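Coordinate inspection notes
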Amino acid sequence: MTTVRHRFALARIVCFALGCTLWTGTEMRATAQAISPAVPVQPSATEPDARPSADANGFGLSNASPFATAGTSTSLSAAQILAILQENPEAVIEVKSLLADGLRQKGVAVPADAITDEQLFTQIVSSSDLRTNVSYFLRARGYVPDEMLRRPAAASAGTAELFTPGAPIASQLIPGVSDPGNAAGFMQPQTDFDAFGPASAFGPASAFGSASAFGSASARNSGRGLAQRDEREPGPAPSTRNVTDQPDVLHLPAPYNLRSLRDLYTQVPDSAEHLRRFGSEVFRDRGTGTTTTSRFSLTGTTMPLDVPLGPDYVLGPGDELSINLWGGVTQTLTRSIDPQGRVMLPESGEIQVAGLTLGQAQQGMSAALQPQFHNAHVSVTVARLRTIRIYVVGDVQRPGPYDINSLSSPLSALSAAGGPTAVGSLRVMRHYRNEKLLGEIDLYDFLLHGVRNSEDRIQGGDTLLVPPTGPQVAIYGAVRRPAIYELRGEQTLAAVLDDAGGLTVAAALGHITVERIVANQRREEISLSRADSEDVAAATAAVAGFVVKDGDRVHVATVLPYSERSVYLQGHVARPGKLAYRDGLRLSDVIRTYQDLLPEPAERGEIVRLVAPDLHPETLSFNLPDVLIGNANQPLQPFDTIRIFGRYEQDAPTVSVQGEVLRPGAYPLFEGMTAAQLVRAAGGFKRDALLDTADLISYHLQSGRDVTVERRDLKIGEAVMKQDRDADVALKPGDVLTIHQLSGWNDIGASVTIEGEVAHPGSYGFKQGERLSDLLTRAGGFRPAAYPEGAVLTRPEVAALEEKSREELIRQIEASSAAARLSPSAAGEHQGETLQLIQQQQDQVLARLKSAPATGRMVIGIHAVIADWAGSAADIEVRSGDVLRIPKRPGFVLISGQVYNSSAITYAPGKRASWYLERAGGATAIANRKEIFVVRANGSVVGRRSGGFFEQDVLSTRLDPGDVIVVPQKIIGASMVWRNILATAQIASSIAITAAVAGL
């Protein structure tokens, strides 16, 4: 097993290869908290990504990683990726392989087994590039649900707070658990009493203890205490998970990259779901968040009917009747029963109907109307019900009088009053008529069984009283309806479980615990049966015989979230995953033929077995061909992991091809591979490939200690094009095949550009060995206004060298210390002023030097008569990319630098440099007259030390048109090193002037 020290050393190697930094765990967690997974962070193009990319455990990925992409706009958030990996453990192994492949591309061979879950999760949180690539991978493999595809990553609200600082990331990934690491706090479900009033109803004197026991979660979510909460606030919705869904579990980091260990490193966390009192949602308008009062109008015109009106309905004052006549006459009459209980009929007068049933009233009206209308038939219906006033009192949301229709039931009246409060009972509602108790109504009969007593009739003046709630029991876990139930006659846990819908199939009967409050003393935990008992009958009997008490909290745990009889298949196989284990299962039952494998599997496979009693992993090797032909058939055990490798996965033999092929690089070496086959695998020859011969470098191992190198020539063209087996050769691991380029191929299409004062300027192709005179002759020679002495020839190679020299000179100036600039005899009191002047001079020289681009000019000495210098040293050989510019005759001499009037002076034949300097006003006081130099029109420089011993006066030089006189500034500081560096910089910054003069 890899020790912590070895893992940390491996992490340092990986981080060194990736250019990242090892961070402490605190820094890593702070960074993961600072980065919102919902909004991928993408650094701008102008500033580096300063986000940390490593953790104390290992694998950091910088933006230079092989995962770098063009953007992260299509990537999933970290929370979405981690949620997918939690529900698909097999994807974790594949994502680790993806990460290992990326590291391998950086030249770091890190096996996927060495990457822990914690390291992977940390990198997903901190690396936006890794999230982008993992998102593409998960989409391609079909792991991303449709609803997640339709929802952008930024829609994952709250993901910025998904990870808690100071806690392992892998331990915070269970959905619905707000505090998975809280071992000392309240791990039972956080109860929400919903619309039944404030939690203070279950105050300190309640059997359920303090309000914080049942309401702390809601108080945390809303930012205010439950006692201040709106009684009609909907509250969190209960869990809707089905028993067939994957259980919510906590995946701890597994030390090995094995799915079997990932399943075993799984905890069933304490549930933190919010419980409601059973039946609370009945008295809530889900659409608007208000109570159902709006469903029951208090006027008598739109009262809904709870039951259909039959002929036994007793009429009373206020009922509105619809009387239909047909036969001798057709007529519809609408009559209301007056306070005396009578209705007025046409031609018949008043008739008493109050106290009669609807059928009796119809018979009476028929008897009264038939004598008045020949052959008349009568039908009577109730058009509108009368209203009655009743009283709803006790622990209801809005106690008081209510006007309801005469057919309303007690349940309708309770709904009109908003339902019970948090302390109101759902099991007892007393119905009084005057002082007489007519009966008690149990709402659970309706809520659980849908039963309503049809004999419950409300009359005007009746009173409904809701008393305080009775004993209550909270039950959660593996039950069908987790909630808080009120007891009325239920004594045993079995009866309460029946109210909760019974146990789910995932319930563990040996893991039922009860938290009980010993009145006015303490809390205690009670276990119903032994956790290691498998006797279902005994566990069922214990449930049936256990007596529940007020305030009990019953938790029914689930069975283990993994199968104890399974084996795992992974690696180079067609269908990886979990397989069912049976007694007598052998290796050949899992791997039957090559059709179960991907192409080119390795000969060696592994069985990673978890050995009892501590389930530590051990690896057993097997020969795959022997298994397939039946010579080796090892028996398997539960939790075995069968790993098949690909032929090119572990220390795969490779060969390389370089040079003129379409796809040079390293290729896997298959058995019997030849040089011709390698060239074909690389896409074949390029057009510039030399087919006569190629180099093959082979490596040989001698005595297991030394490696020797052998080179040989191959007739590669005959081997590939003519398929000559004699010219071909078999390759060995590590061979390097080099295909050469045809001689002179790079010269194809080479050209030289001639600009300026020639007869035919333009671009000219040339052959090897042609010179300036040849190109100028082909261009028609010089025009009359041409000035060949100032010709400018630029070459790309020279420009590159000049740029490198200029950057080195800038670096030397910037790196020169202050001590190197000062004179050893500088006075201490003036040393600060001197340094300040030196710094100003340095800044000026650097500015000029940086602003002068590299021209790549070559000094040539040509003149108007081409025949005179053709074949001489000035007639240089041209190269591809050369640019020759022939300027016009300038007619002036330029004076620059420390003079009183930097300008161009009209050229005067035969005049010396001193003459031109006088015309520019002479040198200034800060000019260095000893170091005046002249830059000729052809680019050559004439300085104080250019001539012989007797020719040191530059001002006596006779100038030509286009020449430049440069008067440098005195160099402050007596250090010889500093003076030489700055003098060189002044000359270098002035060279570009003559090239600019040539363009005038």
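Residues numbered from 1 in each chain as written. Predicted model: local features only at pLDDT ≥ 70, side-chain atom pairs only at ≥ 80, totals over all residues. Heavy atoms only, no water.

Next up on the list: the overall build of the protein. When helices and strands are tallied, the protein shows 25 helices and 37 strands. Buried residues in the protein amount to 43% of all 1000 residues. Taking contacts inside the protein between residues at least 6 apart in sequence as the whole, the part at least 24 apart equals 67%. (Helix = DSSP H or I, 4+ residues; strand = E, 2+ residues; numbered from the N terminus. Buried < 20%, exposed > 50% of the residue type's maximum accessible area, 1.4 Å probe, protein only. Contact = heavy atoms within 4.5 Å.)

On to the sheet that holds strand β9 (residues 400–405), then. Pairing is mixed in the open sheet, where five strands are placed in the order β9-β8-β12-β10-β11. Of all strands in the sheet, those with a lone pairing partner are β9 and β11 (436–441), marking the two edges. Strand after strand, the sheet turns through a mean of 30° between neighbouring axes, direction not considered. One ladder, built from five bridges, connects strand β10 (residues 429–433) with β11; its direction is antiparallel. Counterpart to Met-429 in the pairing with β11 is Ile-441. (Pairing = 2+ DSSP bridges. Axes fitted to C-alpha atoms, helices over the stretch in contact; angles between N-to-C directions.)

Quick look at the nonpolar core now. Ranked by internal contacts, the top residues of the largest apolar core, which has 42 residues, are Ile-390, Val-392, Leu-493 and Val-554. At four residues, the largest contribution of residues to this core is made by helix α11 (residues 410–416). Excluding anything up to four places from it in sequence, Ile-390 contacts Gly-400, Pro-401, Tyr-402, Ile-404, Ala-413, Ile-458, Gln-459, Gly-461 and Asp-462. Core analysis: the next-biggest nonpolar cluster, separate from the first, contains 26 residues, Leu-82, Ile-84, Val-108 and Ala-112 among them. (Core = buried A, V, L, I, M, F, W, Y, C linked by side-chain atoms within 4.5 Å.)

Further remarks concern a nonpolar patch on the surface. Where nonpolar side chains cluster on the molecular surface, the patch consists of Tyr-699, Leu-701, Val-707 and Val-709 and spans about 410 Å² of accessible area. Given a relative accessible area of 61%, Leu-701 falls into the exposed group. (Patch = residues over 30% accessible without salt bridge, like charges linked within 9 Å, V, L, I, M, F, W, Y side chains within 5 Å. Areas by Shrake-Rupley, 256 points an atom, 1.4 Å probe, with all protein chains shown as cover. Salt bridge = Lys/Arg side-chain N within 4 Å of Asp/Glu carboxyl O.)

Another point: the packing of aromatic side chains. How two aromatic rings sit relative to each other is set out by the distance from centre to centre and by the angle between their planes. Inspection of the entire model under this criterion finds four aromatic pairs. Where Tyr-562 meets Phe-639, the ring centres are 6.0 Å apart and the plane angle is 65°; that geometry is what we call edge-to-face. Of this pair, Tyr-562 sits in the loop between β17 (553–558) and β18 (566–571) while Phe-639 sits in the loop between α16 (624–629) and β22 (641–646), and the two are 77 residues apart along the sequence. Using a relative accessible area of 18% as the deciding quantity, one classes Tyr-562 as buried. The buried category is assigned to Phe-639, whose relative accessible area is 11%. (Phe/Tyr/Trp six-rings, centres within 6.5 Å; stacked < 30°, edge-to-face > 60°.)

Here helix α6 (residues 128–140) spans 18 Å end to end across 13 residues, near enough to the 18 Å set by a 1.5 Å rise per residue. Of all 13 residues in α6, ten are buried, a share of seventy percent or more. By the burial criterion, the buried members of α6 are Ser-128, Asp-129, Leu-130, Arg-131, Thr-132, Asn-133, Val-134, Ser-135, Phe-137 and Leu-138. Where α6 is buried, its residues touch α3 (78–87), α4 (89–105) and α5 (117–126). Immediately beyond the C-terminal end of α6, within one or two residues, lies Gly-142, with a positive phi of roughly 80°. (Expected span 1.5 Å × (residues − 1).)

Roughly 1000 Å³ of internal volume is contained in the second largest pocket. Counting residues per element, the ones that place at least two in the lining of the second largest pocket are α4, β18 and β22. (1 Å grid on protein atoms, 1.4 Å probe; cavity = no way out; pocket = protein on both sides within 12 Å on 5 of 7 lines; lining within 4 Å. Points joined across faces, edges and corners; volume = space filled by probe spheres on them.)

In total, this model carries 33 salt bridges according to the counting rule given. In this structure, Asp-462 engages Arg-433 in a salt bridge whose closest nitrogen and oxygen atoms are separated by 2.9 Å. Note that Asp-462 is positioned in the loop between α12 (443–449) and β12 (463–466) and Arg-433 in strand β10, a separation of 29 residues in sequence. Take Arg-433: its relative accessible area is 24%, and that puts it in the partly exposed class.

Time to look at the sheet that holds strand β35 (residues 933–935). Read from one edge to the other, the open sheet built from five strands follows the order β34-β33-β37-β35-β36, with strand pairing classed as mixed. Edge positions in the sheet fall to β34 (903–906) and β36 (941–942), since each of these pairs with one other strand and no more. Bridge count for strand β33 (residues 892–897) against β34 is four bridges, and the pairing is antiparallel. Directly across from Phe-892, in β34, lies its bridge partner Thr-906.

A few words now on the pairing of strand β3 (residues 320–326). Taken across its seven residues, β3 has five buried, putting it largely inside the fold. Judged from the six bridges that link them, β3 and strand β4 (residues 331–336) form a sheet pairing that is antiparallel. When the bridges of β4 are listed, Glu-320 appears paired with Ser-336. Between β3 and β4, which follow one another and run antiparallel, lie four residues, and Gly-327 among them has a positive phi close to 120°. Direction of pairing for β3 relative to strand β7 (residues 377–384): antiparallel, over a ladder of seven bridges. By the bridge assignment for β7, Leu-325 is matched with Val-378.

This part takes up unusual backbone geometry. In this chain, Ala-612 is followed by Pro-613 through a cis amide linkage whose omega measures 5°. Mapping Pro-613 onto the fold places it in the loop between β20 (601–611) and β21 (616–623). The phi torsion at Asn-434 lies on the positive side, around 60°, for a residue other than glycine. Looking at the element boundaries, Asn-434 is found in the loop between β10 and β11. Judged by its relative accessible area of 71%, Asn-434 falls in the exposed class. Located in the positive-phi region is Gln-723, a residue other than glycine, with phi close to 55°. By the element assignment, Gln-723 lies in the loop between α18 (716–721) and β27 (736–741).

Right, let's get into the confidence of the model for the protein. Mean pLDDT over the protein stands at 75; residues scoring 70 or higher make up 74%. Averaged pLDDT values over the elements of the protein bottom out at 33 in helix α8 (residues 211–222) and peak at 94 in β27. Confidence drops under a pLDDT of 50 for residues 152–239, and excluding neighbours within four residues, the segment shows 193 contacts in the predicted structure. (pLDDT = per-residue confidence, 0-100.)

Here we take up the environment of Leu-261. Tracing the sequence through the fold places Leu-261 in helix α9 (residues 259–264). You can call Leu-261 buried: its relative accessible area is 4%. Between the C-alpha atoms of Leu-261 and Phe-639, which are 378 residues apart in sequence, the distance is 8.2 Å. When residues no more than four places from it in sequence are discounted, the contact partners of Leu-261 are Ala-254, Tyr-256 and Leu-610.

Turning to the environment of Thr-421, a few remarks are in order. On the secondary structure map, Thr-421 appears in the loop between α11 and β10. For the pair Thr-421 and Gln-397, spaced 24 residues apart in the sequence, the C-alpha separation amounts to 5.5 Å.

A separate point is the packing of α3 against α5. Two quantities define a packed helix pair, namely the angle between the helix axes and the distance between the axes. Where α3 contacts α5, the axes come no closer than 9 Å and their chain directions differ by 150°. In this view, α3 runs roughly antiparallel relative to α5, as classed from their interaxial angle. Handedness of the α3/α5 crossing: right-handed. Across from Ala-78, Ile-81, Leu-82, Leu-85 and Gln-86 in α3, the residues of α5 making contact are Phe-121, Ile-124 and Val-125. Its residues assigned to classes, the contact of α3 with α5 comprises seven nonpolar, one polar and no charged. (Parallel < 35°, antiparallel > 145°, perpendicular 65-115°, else oblique. Left-handed = near helix turned anticlockwise from the far one by under 90°. Nonpolar A, V, L, I, M, F, W, Y, C, P; charged D, E, K, R; others polar.)

We now examine the pairing of strand β5 (residues 342–345). What you see with β5 is a clean split: Val-343 and Leu-345 sit on the buried side and Arg-342 and Met-344 on the side with no burial. Direction of pairing for β5 relative to strand β6 (residues 349–352): antiparallel, over a ladder of four bridges. When the bridges of β6 are listed, Met-344 appears paired with Glu-350. Hairpin remark: β5 followed by β6, antiparallel, with three residues in the connecting loop; positive phi at Glu-347, about 65°.

This brings us to the side chain of Glu-770. With respect to the element layout, Glu-770 can be found in the loop between β29 (762–765) and α19 (772–778). A polar contact of 2.9 Å, which involves the side chain of Glu-770, links it to the backbone nitrogen of Lys-767. (Polar contact = N/O pair within 3.5 Å; in protein donor to acceptor, adjacent residues only side chain to side chain.)

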